[in-house]
Amino acid sequence: MDTDLFWAVRGGGGGVFGVLTSITFKVYKPPSTFVQYTCVYPWKYAKIGFVGDNVLKNYFSNIKKLPREWGGYLLFNGLNFKALHIIDLDLIGDFTFALLYAGHSYQHAMETIQPFLSFHREWTSPTSCKYNIYTHTNTYTNTINLGKHQRIFFSRVNNYTSFWDYEQYVNDTVYTNSYITNFLLSNQSLASSDKLTEAFSKHMMPGGSQTLGSYLGCTATLIGGRADDYPDNSASVSPDLRHGQISMSCGTSWDSKQPQTVKDMLMGQVDRLQTEIRNTFDKGVYYNEPPYHLDDWKTAYWKNNYNRLLQVKIKYDPDLMYRCYHCVGYDLT
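My aim in this report is to walk through the structure given alongside it, one point at a time. Every value quoted in this text rests on a predicted model; they were computed, and no experiment measured them.

**Some remarks on the state of the cysteines**
Evaluation of the coordinates by the stated rule reveals two disulfides. The disulfide partner of Cys324 is Cys327, and the gap between their sulfur atoms is 1.4 Å. Between Cys324 and Cys327 the disulfide shows an S-S torsion of about -55°. By sign, it is left-handed. Across the protein chain, the disulfide pattern expressed with sequentially numbered bonded cysteines is 1-2, 3-4.

The following block contains the structure:
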């Protein structure tokens with residue numbers, strides 16, 4: 001077996017080295033316990049105030065402290081729900097925590113998720129609430145009673161017996177025209193939680209407490225797992241991804257009927273956020289959810305692995321048959 005080729009296809013991306021005809025996976029016994037933590041907070045809500053910066057700062061401060069058994073997502077946006085006629089509620093922006101524990105103990109999961117579970121529960125229930133406790137068959141939920149315009153801010157813990165018990169209820173969102181960017185955030189960046197929160201808030205909530213919102217949305221993926229256990233040269237995956245804590249994908253979308261001026265305005269919001277985060281924090285980008293405009297794509301995707309990847313590409317595909325945008329060898333003629 002050619003060790004260079006085997007190294008390249010594990011992280012080199014895009015299928016640019018040839019055609020894989022078979023794959024052999026090493027399998028492991030699944031963990032014994034799966035726990036899902038779900039919670040929704042407002043960013044700015046008339047009955048609470050402008051609290052989202054505190055929610056985001058708490059996330060950046062504590063997410064890096066979770067043990068590797070935890071993974072999952074934080075989804076947040078700057079949408080003005082009432083102005084966009086989504087719901088008749090004075091709500092601008094919200095956060096949805098969807099974290100999943102795959103480990104050995106429900107008790108361990110509950111102990112380690114406490115910085116999130118106990119964080120300002122009153123913000124998840126700004127008006128009258130109802131409570132149910134979920135363990136296997138029950139659910140703990142705080143529900144705002146808004147009549148026909150009901151929106152739910154809640155905190156919930158689900159205890160599953162297998163990964164499939166969780167996965168079978170997950171539905172992918174149907175997307176439309178979109179424009180995205182991505183940041184691989186390191187522990188060093190997360191240590192500057194105040195500065196990182198300020199940067200995201202400035203673009204997603206321009207004007208601070210007086211904001212009218214934005215059209216931006218982000219998904220922060222907790223990388224977790226054991227990627228960091230292996231040396232940088234064990235595969236061609238970027239060291240920024242291997243040692244990163246969060247893969248943050250942000251973007252916007254629009255209806256196909258929108259004029260070009262609206263599209264340019266929306267894409268400009270994403271570009272300005274991308275410029276600030278990459279200039280201030282980390283340069284790494286997750287290869288599968290990249291921005292279209294990326295001058296330093298070689299190092300952003302693969303850092304110092306690109307030159308070796310290029311040599312493998314030239315050796316196995318000298319005629320450049322397998323090509324794609326910003327793949328290895330993209331700029332060769």
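**What about the nonpolar core?**
Among the nonpolar cores identified, the biggest contains 51 residues, and Tyr37, Phe76, Phe97, Phe200 and Met248 are the most heavily contacted of them. Ranked by size, the runner-up nonpolar core spans 16 residues in total, among them Trp7, Phe17, Ala300 and Cys327.

**Some words on a nonpolar patch on the surface**
Among the surface-exposed residues, Phe6, Val9, Leu20, Ile23, Phe25 and Val27 lie close enough to one another that they form a single nonpolar patch of about 660 Å² accessible area. Here Val9 falls in the partly exposed class, since its relative accessible area comes to 36%.

**Points about the packing of helix α2 (residues 52-62) against helix α7 (residues 193-204)**
At a minimum axis distance of 9 Å, the contact between α2 and α7 shows a crossing angle of 135°. In terms of orientation, α2 lies oblique with respect to α7. As for the relative orientation of α2 and α7, their crossing is right-handed in sense. Where α2 abuts α7, its residues Asp53, Leu56, Lys57, Phe60 and Ser61 lie against Ser193, Asp194, Leu196, Thr197, Phe200 and Ser201.

How each quantity is defined
Residues numbered from 1 in each chain as written. Predicted model: local features only at pLDDT ≥ 70, side-chain atom pairs only at ≥ 80, totals over all residues. Heavy atoms only, no water. Disulfide = S-S within 2.5 Å. Core = buried A, V, L, I, M, F, W, Y, C linked by side-chain atoms within 4.5 Å. Buried < 20%, exposed > 50% of the residue type's maximum accessible area, 1.4 Å probe, protein only. Patch = residues over 30% accessible without salt bridge, like charges linked within 9 Å, V, L, I, M, F, W, Y side chains within 5 Å. Areas by Shrake-Rupley, 256 points an atom, 1.4 Å probe, with all protein chains shown as cover. Salt bridge = Lys/Arg side-chain N within 4 Å of Asp/Glu carboxyl O. Axes fitted to C-alpha atoms, helices over the stretch in contact; angles between N-to-C directions. Helix = DSSP H or I, 4+ residues; strand = E, 2+ residues; numbered from the N terminus. Parallel < 35°, antiparallel > 145°, perpendicular 65-115°, else oblique. Left-handed = near helix turned anticlockwise from the far one by under 90°. Contact = heavy atoms within 4.5 Å.

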